[in-house]
Amino acid sequence: MLQIIYRMPSIVSTSSALNKYSNVQTLSSTLGALHQQRRLTLIVLGIGLGIAIILGLAIGPLHIPIKHVINILTDYINPFANYQHDFVEQQVIGSLRGPRVLLGLITGASLAVAGACFQSLFRNPLADPAVIGVSAGASTAAVFYIVLGQSVVMSLFGGVSKFGLPIAAMCGALLAVAVLYVFVNRKGGINVATLLLAGIAVNAFCSAVTGVLVFLSDDQQLRELTFWTLGSLARAQWDGVIPTFIWLCLVLAILVSLGNALNALAIGESSAFHMGVNVQRVKKILIIFGAAAVGAAVAMTGIIGFVGLVVPHIVRLMIGADNRYVLPASAIMGALLMLLADMLARMIMQPAELPIGIITSLLGAPFFLYLLSRRHFLS
Amino acid sequence: MIQVENISYSVSGNNLLDDVSAAMDSGKLTVILGPNGAGKSTLLKALSGEVKSSRGSVLIDDIDLNVWDQEYLAPRRAVVSQFNQIEFPFTVAEVVMLGMWPAKNLQKIEQPELIAEGVMRELDVLSLAHRQYGTLSGGEQQRVAIARALVQVAVQARSQNKCYLLLDEPTASLDMQYQHELLRILKDYAVRKFTIVIVLHDLNLALQYADNVIFMKHGKVASVGPINKVLNEKVIEEIFSIKGVIEETKSGSKRFYVNN
């Protein structure tokens, strides 16, 4: 009874403040509204991705009418459909744009999800695989493999596997994340600037190593190397894309399932520990599979920057920070953004095409600066 | 009940905890007092398992903390840390419901939102539910963090199980009204079989609400026991090097004044 009487003044004083808002929000109504917002956003993103896939198959030097694209696609899915296709159009979709779209889709999703995961791992909304040097680690390892490793593997095993390159890239990414993690963790991991500065160092070191390797490489290798620094989907072929697609789907499934644990980590490592989360295990999974996602993507496309920064950020603006939804929504939006960027890359200078990494950096770098200026990260 | 038996903890040669023993009873509000750097927060972290003592043991419910499965402990033991910063745009509703997760992991919960709403009403944060956590004032954030911790143990508390709350300076950024409100609520929880351990700086809050006190100095327990027996002018002068008087007011509560 005493308690009720004591609380009376507090109720009276807050009610006057509450009157400013015309409708009083409660927990259930707030959660309900959030739920609606997330569902709607996921649906819109899904539809957008579907449209982007069809456009991605239709647009290019040879313009294929959308109706034909849909006919050809349904033909693949439904063996009983029997349309008369233009042979050239079917070839273009079947062996050129098909693998390219599939590769863009899965690498976009991977980079975006890896970005969201690294942001949770480092508790830093500015962590992007390319900005903090993880992509550079992957590409340097890939270049190292091409220039030096390949011949070593050849002499040791008498042949080269096509998996050698992605495995090397994943190891390079893993090494970069591990170095960053150890460094940032020792510094207490609170200051947002520490990670970015460490990222500068990793990037500088990787580009120096790549520079040395460029000197060592022959003409043929040199032509391959330029691809790594700019990023492109142009080399997509089914025999490389399909194993990458399967592998990245597995990696993404693991990362996306961590939503609850990442939410707990967001309120602090010790709080997560007190909530019963096995923090060390979750961090190991994040490091290993985050690196696997970036490494496998970079091995196929080279460095494509800022997707992992821009996408999770926009997703959080749309649906809030709950990682159970941020991760899948980032995957869809990453795929969508990558396909749109690739379309731009193909259209701007037709019939030549720009490397897609240039497009994402042109859009992403100003966005990064905007984020820096908007928040007092460096104070 | 939490028992601490001869625990020691040192970082690079500094003994942050030196052979500390104490017992924190169920149904009691225990306050840890002491000057800056006395090891109050470190003791609390040892109780929560965040730091592992090099010697000695911490027993919760007569079971060693190292033996407890964290997944089963979490729905019965919640911790409020000193720092509660969140980098990402979570709403207050989401932060509080995050507290429900450990219990949800173990059992199905009927209408978890209603339970959480009750706790939020107690701490007067229900009207903040739709706000983004990062836009709140320090005091509001602290109340939300406390609400999250109380939600974490709410399900077990409802089924009359023993629960534990560890709070590190929970009143630090609260205004006077909410300081008293919070301690009154915690006292209320203590009555419901909770073991509550709070690190505090304010002697008068301790005098008004604590059942037991643990005085820390230089990583050691300087004095421990029921507040009426332990807290007097001499002890305060020994531990804080400050002279003052404890006065009993007409209503029977005690106040500490500093003599200049």
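Remember, predicted model here, so these are calculated numbers, not experimental data.

Describe the overall build of chain B, with residues and values.
Of regular secondary structure, chain B possesses ten helices and twelve strands. Seen through its C-alpha atoms, chain B measures out along the principal axes to roughly 50 × 45 × 35 Å. Residues classed as buried in chain B amount to 56% of the 260 residues present. Element-wise, carbon and sulfur atoms account for 46% of the exposed surface of chain B, whose accessible area totals about 11200 Å². Distance from the positive charge centre (27 side chains) to the negative charge centre (30 side chains) of chain B: 3 Å.

Mind laying out the packing of aromatic side chains, listing which residues take part and the relevant values?
Counted under the stated rule, the structure contains five aromatic pairs over all chains. An angle of 45° between the planes, with centres 6.4 Å apart, marks the rings of Phe122 of chain A and Tyr181 of chain A as tilted. Remark: Tyr181 of chain A occurs in helix 6 (residues 164–186) and Phe122 of chain A occurs in the loop between helix 4 (87–121) and helix 5 (134–157); sequence separation between them is 59 residues. With centroids separated by 6.1 Å and ring planes inclined at 50°, the aromatic side chains of Phe367 of chain A and Tyr370 of chain A adopt a geometry described as tilted. With Phe367 of chain A and Tyr370 of chain A both in helix 15 (residues 356–374) and three residues apart, the pair spans about one turn of that helix. Its relative accessible area of 18% is what places Phe367 of chain A among the buried residues. Residue classification places Tyr370 of chain A among the partly exposed positions, given a relative accessible area of 43%. A cation over a ring is seen here: Arg143 of chain B above Tyr178 of chain B, with NZ or CZ 3.7 Å from the ring centre.

Account for helix 13 (residues 307–319) of chain A, naming residues and giving values.
All names here are of chain A. With 13 residues, helix 13 extends 18 Å between its outermost C-alpha atoms, agreeing within 8% with the 18 Å of an ideal straight helix rising 1.5 Å per residue. Burial analysis of helix 13 places ten of its 13 residues in the buried class, which makes it a mostly covered element. Taken as a whole, helix 13 has its buried residues at Val307, Gly308, Leu309, Val310, Val311, Pro312, His313, Val315, Arg316 and Ile319. Contacts made by the buried residues of helix 13 are with helix 2 (27–58), helix 4, helix 14 (323–347) and helix 15. Taken from the residues just after helix 13, Gly320 is the one with a positive phi, measuring 85°.

Tell me what's going on with the confidence of the model for chain A, and back it up with residues and numbers.
With 89% of its residues at a pLDDT of 70 or more, chain A has an overall mean of 85. Under a pLDDT of 50 for its full length, residues 1–23 of chain A has, in the predicted model, 13 contacts with residues more than four places off or in other chains.

Let's hear about the sheet that holds strand 2 (residues 14–24) of chain B: which residues, and what values?
Residue and element names in this part refer to chain B. Strands sit in the order 2-1-4-5 across an open sheet of four strands; the sheet is antiparallel. Among the strands making up the open sheet, the edge pair consists of strand 2 and strand 5 (63–64). Bridge analysis of strand 1 (residues 2–11) against strand 4 (residues 55–60) gives five bridges, and the strand direction is antiparallel. Looking at strand 4, one finds that Val4 is bridged to Val58.

Residue-level account of the interface of chain A and chain B, with values.
Taken together, the 39 residues of chain A in the interface contact 41 residues of chain B. Both faces combined, the contact of chain A with chain B buries some 3700 Å², and carbon together with sulfur accounts for 61% of it. Across the contact surface, chain A and chain B share one salt bridge. Between Glu94 of chain B and Arg38 of chain A there is a salt bridge whose closest N-O contact spans 2.8 Å. On the surface where chain A and chain B come into contact, there are six residue pairs in polar contact (both at pLDDT 80 or more). Among the elements of the structure, helix 1 (2–18), helix 2, helix 4, helix 10 (259–266) and helix 11 (269–274) of chain A are those that each provide at least two residues to the side of chain A that touches chain B. Grouping the amino acids of the side of chain A that touches chain B by side-chain chemistry returns 15 nonpolar, 18 polar and six charged.

Requested: an account of helix 1 (residues 40–48) of chain B, with residues and values cited.
Residues and elements named next belong to chain B. Most of helix 1 sits inside the fold, with seven of its nine residues counted as buried. Along helix 1, the residues classified as buried are Lys40, Thr42, Leu43, Leu44, Ala46, Leu47 and Ser48. Phi turns positive, to about 90°, at Gly49, one or two residues after helix 1.

Mind laying out the environment of Ala365 of chain A, listing which residues take part and the relevant values?
All names here are of chain A. Summarising the element assignment, Ala365 is placed in helix 15. The class of Ala365 is partly exposed, set by a relative accessible area of 33%. Once the C-alpha coordinates of Ala365 and Leu230 are considered, the two residues, 135 residues apart in sequence, prove to be 14 Å apart. Excluding residues that lie within four positions of it along the chain, Ala365 makes contacts with Phe306 and Thr360.

The rules behind the values
- Within each chain, residues carry numbers counting from 1 in the order of the written sequence.
- Here chains are named by letter from A upward and ligands by number from 1 upward, in the order in which they appear as written.
- In view of the model being predicted, local features appear only for residues whose pLDDT reaches at least 70, and side-chain atom pairs are presented and counted only at 80 or more, with totals across whole chains, interfaces and linings using the full set of residues.
- Here the side-chain values reflect all heavy atoms present in the structure, with hydrogen atoms and water set aside.
- Put simply, DSSP H or I for four residues or longer makes a helix, DSSP E for two residues or longer makes a strand, and each gets a number counted from the N terminus.
- A 1.4 Å probe rolled over the protein chains alone gives each residue an accessible area, and that area as a share of the maximum for its type sets the label: buried under 20%, exposed over 50%, partly exposed in between.
- Here the Shrake-Rupley method, with its probe set to 1.4 Å, supplies the accessible areas, and only the displayed protein chains count as covering residues.
- Within this scheme the basic residues Lys and Arg register as positive and the acidic residues Asp and Glu register as negative, but His and the chain ends are omitted.
- Positions of charges follow a simple convention, taking NZ of Lys, CZ of Arg, CG of Asp or CD of Glu.
- Geometry of aromatic contacts follows a simple scheme: Phe, Tyr and Trp rings, the Trp one being its six-membered ring, pair when their centres are within 6.5 Å, and the pair is stacked under 30 degrees between planes, edge-to-face over 60, tilted otherwise.
- Lysine NZ or arginine CZ positioned within 6 Å of the ring centre and within 35 degrees of the ring normal marks a charge as sitting over the ring.
- Multiplying one less than the number of residues by 1.5 Å gives the expected span of a helix.
- We call two residues in contact whenever any of their non-hydrogen atoms come within 4.5 Å of each other.
- Known as pLDDT, the predictor's confidence for each residue is given on a scale from 0 to 100.
- Strands are labelled as partners when DSSP assigns at least two bridges between them.
- Once two parts are brought into contact, the accessible area they lose, counted with a 1.4 Å probe and summed over both, makes up the buried area.
- The salt bridge criterion pairs a side-chain nitrogen of Lys or Arg with a carboxyl oxygen of Asp or Glu, the two atoms within 4 Å.
- Within 3.5 Å is the distance limit for a polar contact, defined as a pair of N or O atoms, with the added protein rule that one can donate a hydrogen and the other accept it, and that residues adjacent in sequence qualify only through two side-chain atoms.
- Polar here means any residue other than Ala, Val, Leu, Ile, Met, Phe, Trp, Tyr, Cys and Pro, which are nonpolar, and Asp, Glu, Lys and Arg, which are charged; Gly is therefore polar.

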